[in-house]
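So you can see what is in the structure, the chains are spelled out below.
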Amino acid sequence: MSAAAEHERDPGGPSRASSRAGRDSPGPAAAQRKWSSTVGVILVSTLLFFVLWQAVAWIVGSPYLPGPVETGRALIDALSRPDFLGFTMWEHVRSSLGRIIIGFAAAAVVAIPLGLVAGWFRFVETFASPWVEMTRPIPPLAWIPFAIVFFGTPLDAVFIVFLASFFPIYLNTVAGVKSVEPLLIDAARTLGARKAFLFTRVIVPGSLAHISIGLRLGLGYAWMSIVAAEILGVKGGGLGIFLWTMHEVGRFDAVFAGMVIIGVLGMLLTRGISFWRAAESV
Amino acid sequence: MDASRTSPVASLRVVDLTVEFNDLIALQEISFTVGQGEFVAIIGPTGCGKTTLLRAMAGLTGPTHGEVWMDGHRVVEPGPERGMVFQEFALFPWLTVRQNIGFGLDARGLRGEARAQHVAKYVEMVGLRGFEEYRPRQLSGGMKQRVAIARALATEPAVVLMDEPFGSLDAQSRSDMQSELLRVWRQARPTIVFVTHSVEEAIFLADRVVILSARPGRVVAEKTIDLPRERVRTGADFNAVRAEIMERIQPGERAVAVADPPVEGVVG
């Protein structure tokens, strides 16, 4: 998680608009042809992926590397009945998502007001900067040993998610306040806006685009951190626990099935985020 | 008619105003007054500190020396009695036309029916009916400028400071907006200080023109425009005034300025 990644560029830039226009410019027939050839390439590529996977699994012949067929069988098995711990896959997913939502929401609730105030009052930003600079370079996962003993299940995983999503939200909110055009602040002042009015009616709405970027990044980081947090700490249900338990009993087909589920959910989350972004830029 | 409107009561007084930015002297010992209800244009070459002068009058930029007085009070910060129209419009992009125009009313705590009527009045005045729910990015430059003018007027300020508001408009919208502005001025009767680099625009609009020199900006001359309104840009008297002002700005280039009357007298 580098500082650069936490400052995603504003999505509504001109390059995006021009690339969209460029995609629309060929006629509908040409677009149709282009689309069907794209689908063809994707199908072939996907097929090749599974073939290669199967081939490598055969050649290696390791019990730790199941092929796609075994993984598929384990996937159906994992989705159709509870595992030997007594949890259904739905319960694992629900536990993980619940932790993500709580940790992410807590991060947003703390980071947005703090970022707004720090962006507006230089003193607050300066005061907070050593705290931020000292804690931010510590990977969230490095907090796990502390979190396990200090918080215990399931708050330890929530805490890790909180840490993972806090910094992108905070830093982007600060950047958002600073991005508000000084001219708009001047205009508001000549219209009689005093401090509180200026803050709520110009600074906050003027920062929303950046805050939303911070939230999207924060959600992505939350997802990245949850599995590791669960593997290392949490007891009970959860996708990370499913993976780790299956690893411990040597069910590597089930481990791979769990990875597939995590990948699919992550993809859905990313899709959801890109819909969010698209809805915003309309 | 013009003389009677120019009340002897001074509304704004700029006294020995000097503004320096680091080593740069933007304005040097500027002094002039603006009467209540008067329309004063400030012209001068690009970079002569016209915008700085207007910002100092608004209370957005502090003077290095000297002061700005309004109705006997020293200007130290912006206030709703001095509205400003910015060159770059400065509309709030997340607000609709109606919300932009109502912004100053909200800041003053005006609510409900009174606010709605007030906004509707100014929407009407600048000819934006039917566009109330549009956002700034959906509007043309001319329409954005109308919103900015309505927004500045809606709080009914005693003084409206306008910074080259029509600078980015094409010739046709520009001349339309000038006539509109005069109509609005006759209705609401605010004091207007209008910065421009177009001599023609200054003569068309103003009761009086204050001419600034190039950097550092100083007052070179003041000229009262005694032509009856609505002024005709191609009229002989109009051109005579234009020639006189051009002579003040660029001594010796008078002949060029008069030779080509339909072209805007743009300086710098």
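All of these numbers come straight from a predicted model, not from anything done at the bench. Numbers given for residues are sequential positions, taken from 1 along each chain in its written order. All chains are assigned letters beginning at A, and all ligands numbers beginning at 1, according to the order in which they are written. Residues qualify for local features only when their pLDDT is at least 70, as the model is predicted, and side-chain atom pairs are given and counted only at 80 or more; totals for whole chains, interfaces and linings, by contrast, use all residues.

**Student:** For this particular structure, what's the right way to read the overall build of chain A?
**Tutor:** Within chain A, the regular secondary structure consists of 12 helices and zero strands. Taken from the N to the C terminus, the helices and strands of chain A come in the order α-α-α-α-α-α-α-α-α-α-α-α. With C-beta atoms placed from the backbone, the exposure class of a residue follows from how many other C-beta atoms lie within 10 Å of its own: 20 or more, buried; 12 or fewer, exposed; in between, partly exposed. In chain A, buried positions account for 35% of the 282 residues. What counts as a contact here is a pair of residues whose C-beta atoms, placed from the backbone, lie within 7 Å. When contacts within chain A are restricted to residue pairs at least 6 apart in sequence, long-range pairs at least 24 apart make up 73% of them. The secondary structure listing takes helices from DSSP runs of H or I that are at least 4 residues long and strands from runs of E that are at least 2 residues long, numbered from the N terminus.

**Student:** Sorry if this is basic, but what is going on with the overall build of chain B here?
**Tutor:** The helix and strand inventory of chain B stands at nine helices and 10 strands. Each of the 268 residues in chain B was classed as buried or not, and the buried ones make up 43%. For chain B, the proportion of contacts with a sequence separation of at least 24, taken over those separated by at least 6, is 68%.

**Student:** Is there a simple way to explain the confidence of the model for chain A in this structure?
**Tutor:** Close reading of the predicted structure is inappropriate where its pLDDT is low. Within a predicted model, pLDDT stands for the predictor's per-residue confidence, ranging from 0 to 100. Of all residues in chain A, 89% attain a pLDDT of 70 or more, and the chain-wide mean is 85. Ignoring residues within four places in sequence, the model shows residues 1-24 of chain A, a span with pLDDT below 50, making 17 contacts including any to other chains.

**Student:** Help me understand the interface of chain A and chain B, please; the structure alone is not making it clear to me.
**Tutor:** Many descriptions give the size of an interface as the accessible area lost when the pieces come together. Of the residues lining the interface, 11 residues belong to chain A; the matching set on chain B comes to 19 residues. At the level of secondary structure, the elements contributing two or more residues to the side of chain A that touches chain B comprise α9 (182-190) and α10 (195-232) of chain A. Element by element, the count of residues in the side of chain A that touches chain B is highest for α9 of chain A, at six residues. Residue polarity is assigned by list, with Asp, Glu, Lys and Arg as charged and Ala, Val, Leu, Ile, Met, Phe, Trp, Tyr, Cys and Pro as nonpolar; anything else, Gly included, falls into the polar class. For the side of chain A that touches chain B, the per-class residue count stands at seven nonpolar, two polar and two charged.

**Student:** Even after reading the chapter, I still don't get helix α2 (residues 50-58) of chain B, so can you show me in this structure?
**Tutor:** Side chains that are three or four residues apart share a direction in an α-helix, a result of its 3.6 residues per turn. Within α2 of chain B, seven of the nine residues are buried, which leaves it mostly tucked inside the rest of the structure. With its phi angle positive at about 90°, Gly-59 of chain B sits one or two positions after the end of α2 of chain B.

**Student:** Would you explain the pairing of strand β9 (residues 208-212) of chain B in this entry?
**Tutor:** Remember that side chains alternate between the two faces of the sheet whenever the strand is regular. Residues and elements named next belong to chain B. Of all five residues making up β9, five are buried, and the element is well covered by its neighbours. Burial along β9 is two-sided: Arg-208, Val-210 and Leu-212 and Val-209 and Ile-211, pointing in opposite directions, are all buried. Strand pairing requires that DSSP identify at least two bridges connecting the strands. Note: strand β3 (residues 39-43) against β9, four bridges, orientation parallel. Among the inter-strand pairings, Ile-42 is bridged to a residue of β9, identified as Val-210. Where β9 lies against strand β10 (residues 219-224), five bridges are found, and the strand directions are antiparallel. Bridge pairing links Val-209 to Lys-223 in β10.

**Student:** Even after reading the chapter, I still don't get the confidence of the model for chain B, so can you show me in this structure?
**Tutor:** All names here are of chain B. With 90% of its residues at a pLDDT of 70 or more, chain B shows a mean pLDDT of 84. The model gives residues 1-8 a pLDDT under 50, and that stretch makes 10 contacts with residues more than four places away or in other chains. Note that residues 253-268 has pLDDT below 50 and, in this model, 30 contacts with residues that lie over four places away or in other chains.

**Student:** What am I meant to see in the pairing of strand β6 (residues 82-85) of chain B here?
**Tutor:** Residue and element names in this part refer to chain B. A two-sided burial pattern is seen for β6, the buried positions comprising Arg-82 and Met-84 on one face and Gly-83 and Val-85 on the other. Two elements, β6 and strand β7 (residues 159-163), share four bridges in a ladder whose sense is parallel. From the neighbouring strand, Gly-83 faces β7, where its bridge partner is Val-160.

**Student:** So what exactly am I meant to see when it comes to the packing of helix α5 (residues 89-120) of chain A against helix α8 (residues 155-179) of chain A here?
**Tutor:** Any two packed helices are characterised by how steeply their axes cross, that is the angle between the axes, and by the distance between the axes. All names here are of chain A. At a minimum axis distance of 7 Å, the contact between α5 and α8 shows a crossing angle of 30°. One finds that α5 runs roughly parallel with respect to α8. Where α5 crosses over α8, the handedness of that crossing is right-handed. The residue makeup of the contact of α5 with α8, split by class, is 22 nonpolar, six polar and two charged. Lines are fitted to the C-alpha atoms to define the axes, a helix being fitted only along its stretch in contact, and any angle between axes, read from their N-to-C directions, falls within 0 to 180 degrees. Any angle from 65 to 115 degrees is called roughly perpendicular, while one under 35 is roughly parallel, one over 145 is roughly antiparallel, and all others are oblique. Should the near helix be turned anticlockwise from the far one by less than a right angle, the crossing is left-handed, and should it be turned clockwise, the crossing is right-handed.

**Student:** When you look at the nonpolar core in this model, what are you seeing that I'm missing?
**Tutor:** A general feature of soluble globular proteins is that nonpolar side chains tend to end up buried together. To count as a nonpolar core, a set of buried Ala, Val, Leu, Ile, Met, Phe, Trp, Tyr and Cys residues must be joined through C-beta atoms within 7 Å. Counting 133 residues, the largest nonpolar core has Ile-160 and Val-161 of chain A together with Met-57, Ala-150, Val-193 and Phe-194 of chain B as the members making the most contacts within it. With 15 residues, α8 of chain A is the single largest residue contributor to this core. Not counting chain neighbours up to four residues away, the residues in contact with Val-193 of chain B comprise Val-34, Val-40, Ile-42, Leu-54, Met-57, Val-159, Leu-161 and Met-162 of chain B.

**Student:** Could you clarify how one ought to interpret helix α6 (residues 122-135) of chain A in this entry?
**Tutor:** Residues and elements named next belong to chain A. Taking 1.5 Å of rise per residue, the 14 residues of α6 would be expected to cover 20 Å, and the 20 Å separating its terminal C-alpha atoms lies within 8% of that figure. The sharpest bend along α6 comes to roughly 35°, located at Ala-128, with the proline Pro-130 sitting one to four residues further on. Little of α6 sits inside the fold, with zero of its 14 residues counted as buried. By this rule, a helix spans an expected 1.5 Å times one less than how many residues it contains. Two axes define the bend at a residue: one fitted to the seven residues ending there, one fitted to the seven starting there, and the bend is the angle between them.

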